[in-house]
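# Notes for the structure review
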Amino acid sequence: MWNKNAAAVAALHRVDVGRWQDAFGEVIDRIAPRFARYEPLRHAAGLMQGMLAGLDRKNCWTIAEHRGQSTPHGLQHLLARAKWSADGVRDDLRCYVADHFGDPEAILVADETGDVKKGLHSVGVQRQYTGTAGRIENAQVGVFLAYATARGHALIDRALYLPRSWTDDRDRCAAAGIPDDVEFATKPALATRMVTAAVNAGVPAAWVAGDEVYGADPDLRRAVRASGLGYVLQIGANRQVPTGAGTHRVDELAASLPADAWQKRSAGTGSKGKRHYSWALIGIDAEHDADPDGAAHHLLIRRNDTGELAYHRCYSPRPVSLARLVRVAGQRWRIEESFQAGKGLCGLDEHQVRRWTSWHRWTTLAMLTHAFLAVTTATERDRSPATAGLIALTVNEFRRLFDALLLATDHTIDTLLAWSRWRRRHQARARACHYRCRTQQ
């Protein structure tokens, strides 16, 4: 029978699992100085190993049981009360990705993702639009920054978006553990802080990309230009841009283009092959602040086979070709792939926490876990290129191998029964509390 064990045995003839252990150890060694004591570091490593495991759900309960621990208390303490710096680990994550994927032509991609929630007490939750559900839902929204290169991509920074309904209610903020100095910031403002922090940390990059939420913000565009980077930021059809003939809506400019202004270009390779679109480039005037000599501003327009148009406001410190701008525009979707992998493989969205500190700690460790997968998969591709008849090793496939070869655990009957009793006892307390609250309403 071909099962997980059979796959592991077959893979043993072609991989060096000791090298994978060393690679994971490198990650833990990198973040170790952020922990005042060994015990929280040990729990952080165990949590990350649980995030790498093939569990249907990934939270403190399921990971602690999978790791053979008697209760989830150690992991819960790690997230809520232990002394360690989530922002420090975030800085280590950023350096780790830059060390392995560093490319002077890299693209920083900003985007947000939401986690649908029930109730009102999880930090930052309110009814708001989230692309995860495609509609307005009771949700938590985080803004993220991805680092994308030809060799790989990973998330390198995060910020929890707090709506005004939270920042205007300081008692509610205090109850959720939100620091007193945290004030309302728009999603583009959060992205601006992360891009600036990455540049100040020396992360090599040349471009910033984002969707309409970020392309519409002049402060973000100004900060990117001040950082010496270029940008390809999507904007809405009703946005206006300055030209030599005055200010015009971008959809009006697109309608005035002759047929020979469009060029067929690939925006990169997708799951179904090359993603070809028709593209047009229009020179536009600079914004109000001074630009370096030779800087270029453009409106980039994409047209798909159905005639639907998308608009991008572009800036480059030096003149660049249409092909280069198209390549940057096509890489924006790397952050969506990072969200998908981070959630599907590492439990990025499966945190069962309510407070500010716990959200940042879980999210940061999940991002670091995904970065480990991305980096180690790229390393394995370099060492063992795919042979004829095989696709290149994927992050999903590497996670399966890592789980089968290094994380498989055996449980005794006593351990399984103990966890069954623990869950049922906890669920009984939760039910009793829920019933008591209902009778008091």
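Look up: the structure comes first, before these words.
Fair warning: this is a prediction, and the values are worked out from it, not measured in the lab. (Residues numbered from 1 in each chain as written. Predicted model: local features only at pLDDT ≥ 70, side-chain atom pairs only at ≥ 80, totals over all residues. Heavy atoms only, no water.)

### Quick look at the overall build of the protein chain
Rules: Strands here mean DSSP runs of E at least two residues long; helices mean DSSP runs of H or I at least four residues long; both are numbered from the N terminus. C-alpha atoms define the radius of gyration, and 2.2 Å times the number of residues to the power 0.38 defines the globule rule. We call a residue buried when its accessible area falls under 20% of the maximum for its residue type, exposed when it is over 50%, and partly exposed in between, using a 1.4 Å probe and counting protein chains only.
Scanning the protein chain from terminus to terminus reveals 17 helices and twelve strands. Scaling as 2.2 N^0.38, a compact globule of 441 residues should have a C-alpha radius of gyration of about 22 Å, and the protein chain matches this with 24 Å. The C-alpha extent of the protein chain, read off along each of the three principal axes, is 80 × 65 × 40 Å. Each of the 441 residues in the protein chain was classed as buried or not, and the buried ones make up 48%.

### Here we look at a positive patch on the surface
We count it as follows: What goes into a patch is any residue over 30% in relative accessible area without a salt bridge, connected to like charges within 9 Å or, for nonpolar side chains (Val, Leu, Ile, Met, Phe, Trp, Tyr), within 5 Å. Surface accessibility in these figures is a Shrake-Rupley result with a 1.4 Å probe; residues are shielded only by whichever protein chains are displayed. Any Lys or Arg side-chain nitrogen found within 4 Å of a carboxyl oxygen on Asp or Glu counts as a salt bridge. Under this rule, positive means Lys or Arg and negative means Asp or Glu; His and the chain ends count for nothing. Think of each charge as sitting on NZ of Lys, CZ of Arg, CG of Asp or CD of Glu.
Positive charge collects at one region of the surface, where Arg421, Arg424, Arg425 and Arg429 lie side by side. Inspection of the secondary structure assignment puts Arg425 in helix α17 (residues 413–440). Looking at Arg425, the relative accessible area reads 45%, which means it is partly exposed.

### Some remarks on the packing of aromatic side chains
Rules: Within 6.5 Å between ring centres, the rings of Phe, Tyr and Trp (the latter by its six-membered ring) count as paired, and their orientation is classed by plane angle as stacked under 30 degrees, edge-to-face over 60, tilted in between. Should the NZ of a Lys or the CZ of an Arg lie within 6 Å of a ring centre and within 35 degrees of the ring normal, that charge is described as sitting over the ring.
Tallied over the full model, the rule gives eleven aromatic pairs. With 6.3 Å between their ring centres and 50° between their planes, Phe24 and Phe402 make a pair best called tilted. Taken together, the residues Phe24 in helix α2 (residues 17–31) and Phe402 in helix α16 (residues 395–407) connect sequence positions 378 residues apart. Judged by its relative accessible area of 3%, Phe402 falls in the buried class. Three or more aromatic residues link up through ring pairs in this structure, and these residues are Trp20, Phe24, Phe372, Phe398 and Phe402. We note Arg302 situated over the ring of Tyr277; from NZ or CZ to the ring centre the distance is 4.9 Å.

### Structural notes on the pairing of strand β6 (residues 230–235)
The buried fraction of β6 is high, at six of six residues. Burial along β6 is two-sided: the residues Gly230, Val232 and Gln234 and Tyr231, Leu233 and Ile235 are all buried.

### Notes on the nonpolar core
Worth spelling out the cut-off: In this description, a nonpolar core means a group of buried Ala, Val, Leu, Ile, Met, Phe, Trp, Tyr and Cys residues linked to one another through side-chain atoms lying within 4.5 Å.
Within the largest apolar cluster, 111 residues are counted, with the highest numbers of intra-cluster contacts made by Leu108 and Phe372. The element that contributes the greatest number of residues to this core is helix α15 (residues 356–383), accounting for 13 residues. Membership of the second largest hydrophobic core comes to twelve residues, among which are Val250, Ile284, Ile301 and Tyr311.

### Looking at the pairing of strand β3 (residues 135–148)
For the record, the criterion: A pair of strands is considered paired only if DSSP assigns at least 2 bridges between the two.
With twelve of 14 residues buried, β3 is to be regarded as a mostly interior element. In the sheet, strand β2 (residues 126–130) pairs with β3 via five bridges, with the strands oriented antiparallel. Bridge pairing in β3 places Tyr129 opposite Ile136. The antiparallel hairpin formed by β2 and β3 contains four residues in its connecting segment, where Gly134 sits at a positive phi of about 75°.

### Some thoughts on the packing of helix α5 (residues 73–80) against α15
Worth spelling out the cut-off: Note on geometry: axes are C-alpha line fits, over the in-contact stretch for helices, and angles between N-to-C directions span 0 to 180 degrees. Should an angle fall under 35 degrees it is taken as roughly parallel, and over 145 as roughly antiparallel, whereas 65 to 115 is taken as roughly perpendicular and any remaining angle as oblique. The contact criterion used throughout is that any non-hydrogen atoms of two residues lie within 4.5 Å. Classes in brief: Ala, Val, Leu, Ile, Met, Phe, Trp, Tyr, Cys and Pro nonpolar; Asp, Glu, Lys and Arg charged; the others, Gly included, polar.
Between α5 and α15, the least distance of the axes is 7 Å, while the angle of their chain directions is 105°. Between α5 and α15, the interaxial angle falls into the category roughly perpendicular. Together, Leu78, Leu79 and Ala80 of α5 and Thr357, Ser358, Arg361, Trp362 and Leu365 of α15 make up the contact between the two elements. Tallied by class, residues from the contact of α5 with α15 come to five nonpolar, two polar and one charged.

### Concerning the packing of helix α3 (residues 38–52) against α5
Two elements in contact, α3 and α5, have axes separated by 9 Å at closest approach and are oriented at 105°. Here α5 runs roughly perpendicular to α3, going by the angle between their axes. Note on element contacts: α5 touches α3 through Gly74, Leu75, Leu78 and Leu79, opposite Pro40, His43, Ala44 and Leu47. Here the contact of α3 with α5 is composed, by residue class, of six nonpolar, two polar and no charged.

### Focus on the environment of Tyr161
By the element assignment, Tyr161 lies in the loop between β4 (153–160) and α7 (164–167). Taking the C-alpha atoms as reference points, Tyr161 and Phe339, separated by 178 residues in sequence, lie 16 Å from one another. Dropping the residues within four chain positions of it, Tyr161 is found in contact with Gly124, Gln128, Val141, Gly142, Phe184, Ala185, Thr186, Lys187 and Leu190.

### Topic: α15
Filter applied, for reference: Working rule for helices: expected span equals 1.5 Å times residues minus one.
The terminal C-alpha atoms of α15, which comprises 28 residues, lie 41 Å apart, in line with the 40 Å expected from a rise of 1.5 Å per residue. Among the 28 residues of α15, 23 are classified as buried, and the element is accordingly described as predominantly covered.

### A look at the pattern of salt bridges
Counted according to the given criterion, the structure contains 28 salt bridges. The salt bridge partner of Arg94 is Asp91, with a shortest N-O separation of 2.9 Å. With Arg94 and Asp91 both in helix α6 (residues 86–101) and three residues apart, this pair spans about one turn of that helix. Residue Asp157 is joined to Arg158 by a salt bridge in which the shortest nitrogen-to-oxygen separation is 3.9 Å. Note on Arg158: relative accessible area 4%, which makes it buried. A network of salt bridges, in which partner residues are shared, links Asp87, Arg90, Asp91, Arg94, Asp157 and Arg158.

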